[in-house]
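Observations on the three-dimensional arrangement
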Amino acid sequence: LGDVGFDCVFLDLEHGEYGIGALPSLLRAARAAGCSGVVRTSHVAAHEISAALDAGAAGVLAPSVSSGADASAIVSAAHYPPIGSRGAAPMTRAAGYGTTPFATYREVVEAELVVGAQIEGPEGIAALDEILGTPHLDLAFIGPFDLSQHLGVPGETSHPSVVEAMTDIVRRAQQRGVATATWA
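Going along each chain's sequence as written, the residues are numbered from 1 onward. Where totals are concerned, whole chains, interfaces and linings use all residues; where local detail is concerned, this predicted model gives features only for residues with pLDDT of at least 70, and gives and counts side-chain atom pairs only at 80 or more. For side-chain calculations, the full set of non-hydrogen atoms in the structure is used, while hydrogens and water are omitted.

1. Overview of the nonpolar core
Counting 37 residues, the largest nonpolar core has L23, V115 and I131 as the members making the most contacts within it. In this analysis, two residues are considered to be in contact whenever any of their non-hydrogen atoms come within 4.5 Å of each other. For V115, the residues in contact, after removing those within four places along its chain, are V60, I74, V75, A78, H79, H136, L137, D138 and L139. Residues belong to one nonpolar core when they are buried, are Ala, Val, Leu, Ile, Met, Phe, Trp, Tyr or Cys, and are joined through side-chain atoms within 4.5 Å. Relative accessible area decides the class of each residue, using a 1.4 Å probe on protein chains only: under 20% of the type maximum gives buried, over 50% gives exposed, and in between gives partly exposed.

2. Topic: the packing of aromatic side chains
Note on ring pairs: Phe, Tyr and Trp rings are taken, using the six-membered ring of Trp, and paired if centres are within 6.5 Å. Classes follow the plane angle, with under 30 degrees stacked, over 60 edge-to-face and the rest tilted. Under the definition given, this model contains five aromatic pairs. When the ring of F102 is compared with that of Y105, the centres are 5.9 Å apart and the planes differ by 45 degrees; the resulting orientation is tilted. Pair noted here: F102 and Y105 are both in helix α4 (residues 102–112), with a separation of three residues, about one helical turn. Taken together, the ring pairs connect F10, F141 and W183 into an aromatic cluster. In DSSP terms, a helix is any run of H or I states spanning at least four residues, a strand is any run of E spanning at least two, and both are numbered starting from the N terminus.

3. Considering the side chain of E48
Assignment of secondary structure puts E48 in helix α2 (residues 46–54). Excluding residues within four positions of it along the chain, E48 makes contact with L13, I20, T41, S42 and H43.

4. Some thoughts on the pairing of strand β2 (residues 36–40)
With four of its five residues buried, β2 lies for the most part within the structure. Two elements, strand β1 (residues 8–12) and β2, share five bridges in a ladder whose sense is parallel. From the neighbouring strand, L11 faces β2, where its bridge partner is V39. When the strands point away from the viewer, a crossover counts as right-handed if the path from the first strand over the helix to the second runs clockwise. In the classification by handedness, the crossover that spans β1, the intervening helix α1 (residues 23–32) and the parallel β2 is right-handed. With three bridges joining them, β2 and strand β3 (residues 59–62) adopt parallel strand pairing. The residue bridging V39 from the neighbouring strand is V60, located in β3. A strand pair is defined by DSSP finding two or more bridges across the two strands.

See the structure below:
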């Protein structure tokens, strides 16, 4: 994917055929091809967020975010104190296995990190303002396939009700200064 010119690749722990252990190699491959790796966790899971970032992910995305509490948990797991609660581990791949001063690594990662919440169900839509209002949430990612199922038109991602819901999410996110994305 990097060789065809994409800036970013998503590594999917929710539906992908690999686990956390494969992330270091996949993230190295992405970086070697000149693109950033963002890891989608299997659910809102602090340990997967930490493992992905320690392996060198440029960002994380949690699926099925359904509340402001979920969004806050994602942000907290991804950021170091005082913003979050991420544990300090200077001996990880991302931190250069201890060869980079931790303060330098931490400054760079905090400035460049992307933290995303995937909105794909009625609970997420109902709590959208609360989710989008979460400090340090950078991305609202729309899951159109799950959204289509919840709206009663499974797989019909171009259905007017799905397009309307997606457009509403984008509009509300823009008002909050949160970037949006979806599958292409």
